[in-house]
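# Geometric and topological summary
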Amino acid sequence: MSPDSNPYRKDFPILARRVHDKPLVYFDNANTAQKPTAVIEAVDRFYRETNANVARAVHSLGEAATSAYEGARDKLARFINANTRDEVIFTGGTTQAINTVAYSYALPRLQPGDEILVTTMEHHANIVPWQLVAARAGAKVIPAPITPSGELIVEEFVARLNPRVKLAGVTHVSNVLGTINPVRELAKACRARGIPLLVDGSQAAPHLPVDVQALGCDFYALTGHKLFGPTGTGLLWARRELLAAMPPFFGGGEMIRTVSFDGTTFADPPHRFEAGTPNIAGFVGLGAAVDYVNRVGLDTIGAMERELGAYMTDALKSVPGLRLFGEAKEKAAVFSFLIDGVHAHDLATLLDHEGVAVRSGHHCAHPLMQFYGVPATARASLAFYNTREEIDFFVAAIARVRKLLG
Ligand code: PMP
């Protein structure tokens, strides 16, 4: 395997390590992405040179930490083309972002009989928070169906946008199937009916340009660790007028204007939604991740991943007895599959012995597994730092595993 075939591999130190004395083949990028040196060093430098709490101290370090943290917000706002930086709320990840919308936006508005529309291919993070608030309000969460090849049936989604629907949620890219959903079209249909649309961008932001204004959605959530940034970072973007009308979800320091026992008033967004000391170093690292992605360029990343994805599709189709889940026309380089007679966990365990990291399980998408009638799949998910040589090695490793299992 020639690591030199991809000029970006050297930016990711972990890719040089060995696992079970074999070169690491990291195909678990949809789970979490590896971190470039630029991110690792930004976090390290923050703790060595700048560490202090944000927005509390007037001393030099406090000011430097605040400007590094708020500087990361500017970078993220530009990255997703937010109208203003105040529309970007830092969260611990997508899960916290969606829960914030569920409790601050949806819950106060939901009435008995109301509905929240999602799709069959959602991650649990875009199902369970809605179920929790729906249960409190006597509302329901309704799925829009997909085709066997893993595409959302747009007309079925639109047909479910009735006046009882108070919010719709859709994943931009499926973490299991790789399907890229037609968010602009869905946003247009929602907008025409006055229904806000939340987009789960966890799997999109690392792979394709995100322009929240062009998409026409109302809320966009993403998680930093899949975007080559540190764990425990992410964001919620929402239109300014929606945020302005939302009460806070968490209370505490940093999110208030005045506090008294007669009543408390809250800071404006984004700080209204950022109670307590945030993951300052993490967001500095996420800012560095965005700088890195911009340097490589999402066009380059997209082109490399499309090329690898096409190569992977052909390679997997050549494996006898392999069932691929998700063959949407618009698709990211995420491949869920099963091999006749081999349990997904056994496959992943034996592939690990070959140095290959893939995920097996339900991928936090039980309803999707139920749709396909399987308890689990194996999933190989690529990033631009992967190579054709790794794909060849992976397919050869599958053949060896099969032989081993008889
Ligand atoms: N949505 C999708 C589509 C995901 O892939 C993930 C992560 N697997 C999440 C939401 C949740 O992200 P996090 O755990 O970082 O909050």
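In this text, all values refer to a predicted model and were calculated from it rather than measured experimentally. (Residues numbered from 1 in each chain as written. Predicted model: local features only at pLDDT ≥ 70, side-chain atom pairs only at ≥ 80, totals over all residues. Heavy atoms only, no water.)

### Thoughts on the UniProt feature "domain: Aminotransferase class V" (unreviewed entry) in the chain
Quick reminder of the rule: UniProt positions are given in the numbering used here, feature names are shortened, and annotations may be inferred rather than shown by experiment. Put simply, DSSP H or I for four residues or longer makes a helix, DSSP E for two residues or longer makes a strand, and each gets a number counted from the N terminus.
UniProt feature "domain: Aminotransferase class V" (unreviewed entry): in the numbering of this structure it lies at residues 25-393. Annotated as 39% helix and 18% strand, the span residues 25-393 places its first and last C-alpha atoms 9 Å apart.

### Describing the site of the ligand
Let me state the cut-off plainly: For this purpose, a residue is taken to be near a molecule or strand whenever a single non-hydrogen atom of the residue falls within 4 Å of it. Two N or O atoms count as a polar contact when they lie within 3.5 Å, although within protein this holds only if one can serve as hydrogen donor and the other as acceptor, and sequence-adjacent residues are included solely when both atoms are side-chain atoms. We get accessible surface area from the Shrake-Rupley algorithm with a probe of 1.4 Å; when it comes to residues, only the shown protein chains can shield them. Classification convention: Asp, Glu, Lys, Arg as charged; Ala, Val, Leu, Ile, Met, Phe, Trp, Tyr, Cys, Pro as nonpolar; all other residues, Gly among them, as polar.
With respect to spatial proximity, 13 residues lie near the ligand, and among them T95, D200, Q203, T223 and K226 are the closest. The separation between an oxygen atom of the ligand and a polar side-chain atom of Q203 is 2.6 Å. At 2.6 Å from an oxygen atom of the ligand is found a side-chain nitrogen or oxygen belonging to T223. Surface burial for the ligand is 86%, taken as the share of its 400 Å² of free accessible area covered by protein chains. Residue classes in the shell around the ligand are distributed as 1 nonpolar, 10 polar and 2 charged.

### A word on the pattern of salt bridges
The criterion, for reference: Every case where a carboxyl oxygen of Asp or Glu lies within 4 Å of a side-chain nitrogen of Lys or Arg is listed as a salt bridge. Here the term buried applies to any residue with accessible area under 20% of the maximum for its type, exposed to any over 50%, and partly exposed to those in between, with areas from a 1.4 Å probe on protein chains only.
Summed over the entire model, instances satisfying the criterion amount to 19 salt bridges. In this structure, the salt-bridge partner of D74 is R85, at a minimum N-O distance of 2.5 Å. Of the two residues, D74 sits in helix α2 (residues 60-79) while R85 sits in the loop between α2 and β4 (88-91), which places them 11 residues apart along the sequence. Between K166 and D114 there is a salt bridge, with the nearest N and O atoms lying 3.1 Å from each other. Here K166 is found in strand β7 (residues 165-171), whereas its partner D114 is found in the loop between α3 (94-109) and β5 (115-119), with 52 residues between them in sequence. Residue classification places D114 among the buried residues on the basis of a relative accessible area of 7%. Among the charged side chains, a network of salt bridges with common partners joins E70, R73, D74, R85 and E274.

### Describing the nonpolar core
Put simply, the rule is: Working definition of a nonpolar core: buried Ala, Val, Leu, Ile, Met, Phe, Trp, Tyr and Cys residues. They are joined through side-chain atoms within 4.5 Å. For each domain, the first and last residues come from an automatic or database assignment. In this analysis, two residues are considered to be in contact whenever any of their non-hydrogen atoms come within 4.5 Å of each other.
Ranked by size, the top nonpolar core spans 114 residues in total, and within it I80, F157, L197, Y220, F337 and F394 carry the most contacts. Both domains that meet at this core, namely domain 1 (3-27 + 297-404) and domain 2 (40-294), each give it at least three residues. Other than its neighbours up to four places away in sequence, F337 contacts L322, R323, L324, F325, L347, T377, A378, A380, F394 and I398. If you look at the next biggest cluster of nonpolar residues, it comprises 26 residues, including A106, V118, L198 and A238.

### Quick notes on the environment of A97
Take A97: it is sitting in helix α3. With 21 residues separating them along the chain, A97 and V118 place their C-alpha atoms 16 Å apart. Leaving out residues up to four positions away in the same chain, A97 has contacts with T91, A221, L235 and L236.

### Considerations on the environment of T171
Residue position: T171 is located in strand β7. You can call T171 buried: its relative accessible area is 4%. For the pair T171 and E122, spaced 49 residues apart in sequence, the C-alpha separation works out to 6.1 Å. Beyond its immediate stretch of four places on either side in the chain, T171 contacts M121, E122, N126, N181 and D200. Of note is the side chain of T171, whose polar atom sits 3.0 Å from the backbone oxygen of V173.

### A look at a nonpolar patch on the surface
Here is the rule: Patch building starts from residues that exceed 30% relative accessible area and form no salt bridge, then joins like charges within 9 Å and nonpolar side chains (Val, Leu, Ile, Met, Phe, Trp, Tyr) within 5 Å.
Nonpolar side chains collect at one region of the surface, where I256, V259 and F266 lie side by side and expose about 240 Å² of accessible area between them. Inspection of the secondary structure puts I256 in strand β11 (residues 256-260). Take I256: its relative accessible area is 30%, and that puts it in the partly exposed class.

### Structural notes on helix α4 (residues 128-137)
The test is simple: Directions pointing from the helix axis toward each C-beta atom define the arc.
Listed as buried for α4 are P129, W130, V133, A134 and A137. The buried residues of α4 occupy one face: seen down the axis, they fall within an arc of 130 degrees. Exposed and facing more than 90 degrees away from the buried side of α4 are A135 and R136. In this structure, the buried residues of α4 make contact with α3, β5, β6 (140-144), β7 and β8 (197-200). Following α4 by one or two positions, G138 adopts a phi angle in the positive range, close to 75 degrees.

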